[in-house]
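Fold and geometry: a report
Now for the letters of each chain:
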Amino acid sequence: MSETHETSETASGSSAVDPLALPGLLRPAIEAASEEADRRADVPTELYGALRDAGAFRLLTPRALGGSQTPLTTVLKVYEGFGRIDASVAWLVWNANFGFVGALLDESATERIWGREHEPAFANSGMPGTAVPAEGGYRVSGHWRIVSGINAAEWLVAVVVVLEDGAPRMTAAGTPDVQLCVLGRDQWSVKETWDVSGMRGTGSNDVVVEDAFVPADFLAPLDSPLRIDEPLYRGFLPSLVLPGCTAIVLGIAQAALDETVALVLTKRNSTGATLAESPRTQYVLADSEAALQAARLLLTSAAQTLQDAAERGDTPTLEQRAALRAAMTHAAQVSRRTLVTLYELASSTSLYRGNRLERLFRDGMAALQHANHSALPMEAAGRVRLGMEPGLGLF
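Summarised in this report is the structure supplied together with it. (Residues numbered from 1 in each chain as written. Predicted model: local features only at pLDDT ≥ 70, side-chain atom pairs only at ≥ 80, totals over all residues. Heavy atoms only, no water.)

Looking now at the overall build of the protein. In terms of regular secondary structure, the protein is built from ten helices and ten strands. At 21 Å, the protein has a C-alpha radius of gyration in line with the 21 Å of a compact globule built from 395 residues. Overall size of the protein, expressed as C-alpha extent along the three principal axes, is 80 × 50 × 40 Å. Relative to its full complement of 395 residues, the protein shows a buried share of 53%. Restricting the contact set of the protein to residue pairs at least 6 apart, pairs at least 24 apart contribute 72%. Here the protein displays about 17,200 Å² of accessible surface, and carbon together with sulfur accounts for 52% of that area. Side-chain charges of the protein comprise 33 positive and 47 negative groups, with the mean position of each set lying 6 Å from the other. (Helix = DSSP H or I, 4+ residues; strand = E, 2+ residues; numbered from the N terminus. Rg over C-alpha atoms; globule rule 2.2 N^0.38 Å. Buried < 20%, exposed > 50% of the residue type's maximum accessible area, 1.4 Å probe, protein only. Contact = heavy atoms within 4.5 Å. Areas by Shrake-Rupley, 256 points an atom, 1.4 Å probe, with all protein chains shown as cover. Lys, Arg positive; Asp, Glu negative; His and termini not counted. Charge placed at Lys NZ, Arg CZ, Asp CG, Glu CD.)

Dropping the structure here:
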């Protein structure tokens, strides 16, 4: 990960840090706040502000709105870089990077969202709520679970299904009308439900919205025409979101490997030899390194294929989208196997709070519980390979 602090210019003329330098730049602030975040089960206000001010939340925001409009493959490297430092912070950065909605929304909405002195703070949820048409907009309701960073957010980007007469409204393509909806901070309430063992610093509480009026310009279908037509936003828009969590778990697993390498050089067995002298240790470390590198390359290749298609103006094929989901599930499986293997190799050391391996293990296992890392996307990719319909939403 680059440690240089190169800058570039945004559309507004302000200087911005090179996205690849962000993890290194913010490492001292992240490490200083790590224990407080874990104890509070939420991100400290000062750290959240430092992340936002540095530009960590505007990676996918259009340049026209002051963002860095960073290519997907670069964004994945940034997420992995944060994952190597602190899993909860990486997760917050991933979830807060919903500025790409600015490429979809009407200008009247973006002026309200971005018309402030500071970067807007987003949270999001992919679980569906409901939107009922009303004069000038929609009445929105929903209960969204595990919404990371919600206490610090000013805007919630939520998926909603438009209802008519109590049933989903159908599009011309014969599918339910699913849209992204942006709600303001005064339109939701938070239920403090985040009492967990891992990823505690994400503050991923529940959010409830009850019959809130949302103007029509604050909703947009995922396939709506782009108002800001840039290559990054063409093609398969969910690809800007889906693989981020996988890049993070690769970063967590890599950090665990680095910690284990340092540990085995000094930890001794009952004979007095270091664990590093054991052929089994040597094999496990080399095998884990190779597996992580291969999974990283596969994920990057699948993301690059989608990025290249978007830059050419092509619609990504079903096979290309399936390849991304397969690469994600594969990387998750590799990361899980790596974390378990290293946890076992470290023996009793990995049990103790205060040892970084203990934290990496429980955070990594929590991150791997995300639906994006389940076996279902791999099964769907297999159906695509057999010429069948994937049968998986947002594929």
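Having seen it, we continue.
Note that L292 resides in helix α7 (residues 279-312). Sequence spacing of L292 and R337 is 45 residues, and the spatial spacing of their C-alpha atoms is 10 Å. Those residues in contact with L292 that lie beyond four places of it in its chain are L250, A253, Q254, L257, V334, S335 and T338.

Turning our eyes to something else, we now look at the layout of surface pockets. Any empty space left between the atoms is revealed when a probe the size of a water molecule rolls over them. Roughly 1,300 Å³ of volume is contained in the largest pocket. In terms of lining residues, the largest pocket is bounded by 44 residues, among which G126, M127, H370, A371 and N372 are the most central. If you list the elements that add at least two residues to the lining of the largest pocket, you get α4 (87-96), β3 (122-134), β4 (137-147), β5 (155-164), β7 (178-184), α9 (356-367) and α10 (376-385). A total of four residues in the lining of the largest pocket trace back to one element, the largest contributor, which is β3. Its residues assigned to classes, the lining of the largest pocket comprises 26 nonpolar, 15 polar and three charged. (1 Å grid on protein atoms, 1.4 Å probe; cavity = no way out; pocket = protein on both sides within 12 Å on 5 of 7 lines; lining within 4 Å. Points joined across faces, edges and corners; volume = space filled by probe spheres on them. Nonpolar A, V, L, I, M, F, W, Y, C, P; charged D, E, K, R; others polar.)

By the definition in use, this model includes one cavity of 30 Å³ or more. Together, A16, V17, P19, L22, A54, G55, R58, L59 and S68 line the largest cavity. Classifying every residue of the lining of the largest cavity gives six nonpolar, two polar and one charged.

Once that is clear, we can look at helix α8 (residues 318-345). Look at α8: 41 Å from first C-alpha to last across 28 residues, which is about the 40 Å you get at 1.5 Å a residue. Among the residues trailing α8, S347 stands out with phi positive, at a value near 50°. (Expected span 1.5 Å × (residues − 1).)

Helix-helix packing is characterised by the crossing angle of the two axes and by the distance between the axes. It is the contact of helix α6 (residues 244-264) with α7, at a shortest axis distance of 11 Å, that shows an interaxial angle of 160°. In terms of orientation, α6 lies roughly antiparallel with respect to α7. The two elements α6 and α7 cross, and the hand of that crossing is left-handed. For the pair formed by α6 and α7, the contact residues are T246, A247, L250, A253, Q254, L257, T260, V261 and V264 on the first element and T281, L285, S288, E289, L292, A295, R296 and L299 on the second. In terms of residue class, the contact of α6 with α7 is built from ten nonpolar, five polar and two charged. (Axes fitted to C-alpha atoms, helices over the stretch in contact; angles between N-to-C directions. Parallel < 35°, antiparallel > 145°, perpendicular 65-115°, else oblique. Left-handed = near helix turned anticlockwise from the far one by under 90°.)

Okay, the environment of A212 next. By the element assignment, A212 lies in strand β9 (residues 205-215). Taking relative accessible area as the criterion, A212 reaches 9% and is therefore assigned buried. Taking the C-alpha atoms as reference points, A212 and L360, separated by 148 residues in sequence, lie 39 Å from one another.

Moving on: the nonpolar core. What tends to happen in soluble globular proteins is that the nonpolar side chains get buried as a cluster. Grouped together as the largest cluster of nonpolar side chains are 114 residues, with contacts concentrated most on Y79, F82, F100, V140, L156 and L183. Looking at this core, the element that brings in the most residues is α6, giving twelve residues. Setting aside anything within four residues of it in sequence, one finds F82 in contact with L22, P23, L26, I30, L51, A56, V89, A90 and V93. Counting six residues, the second-largest nonpolar core is a separate cluster that includes A322, A326, A380 and V384. (Core = buried A, V, L, I, M, F, W, Y, C linked by side-chain atoms within 4.5 Å.)

Before going further, it helps to spend a moment on the packing of aromatic side chains. Under the definition given, this model contains six aromatic pairs. Taking 4.9 Å as the distance between ring centres and 45° as the angle between the ring planes, the aromatic pair formed by F98 and F100 counts as tilted. Considered together, F98 and F100 belong to a single accessibility category, that of buried residues. Ring centres of Y343 and F361 lie 4.0 Å apart, and the angle between their planes is 25°; on these two criteria the pair is classed as stacked. Taken as a pair, Y343 in helix α8 and F361 in helix α9 lie far apart in primary sequence, 18 residues in all. Sitting over the ring of F236, R321 keeps its end group 4.9 Å from the ring centre. (Phe/Tyr/Trp six-rings, centres within 6.5 Å; stacked < 30°, edge-to-face > 60°. Lys NZ or Arg CZ within 6 Å of the ring centre and 35° of its normal.)

This next bit is on the pattern of salt bridges. In total, this model carries 21 salt bridges according to the counting rule given. Salt-bridge contacts for D38 lead to R362; the nearest nitrogen and oxygen are separated by 3.2 Å. With D38 in helix α1 (residues 22-40) and R362 in helix α9, this pair connects stretches of sequence that are 324 residues apart. When sorted by exposure, D38 lands in the same class as R362, which is buried. Across the salt bridge formed by E119 and R58, the nearest N and O atoms sit 3.8 Å from each other. Pair noted here: E119 is in the loop between α5 (107-114) and β3 and R58 is in the loop between α2 (45-54) and α3 (72-85), with a separation of 61 residues, a long-range link. Comparing E119 with R58 shows no difference in burial state: the two are buried. Salt bridges here are not isolated pairs; linked through shared partners, they connect E35, D38, D86, R200, R353, E358, R359, R362 and D363. (Salt bridge = Lys/Arg side-chain N within 4 Å of Asp/Glu carboxyl O.)

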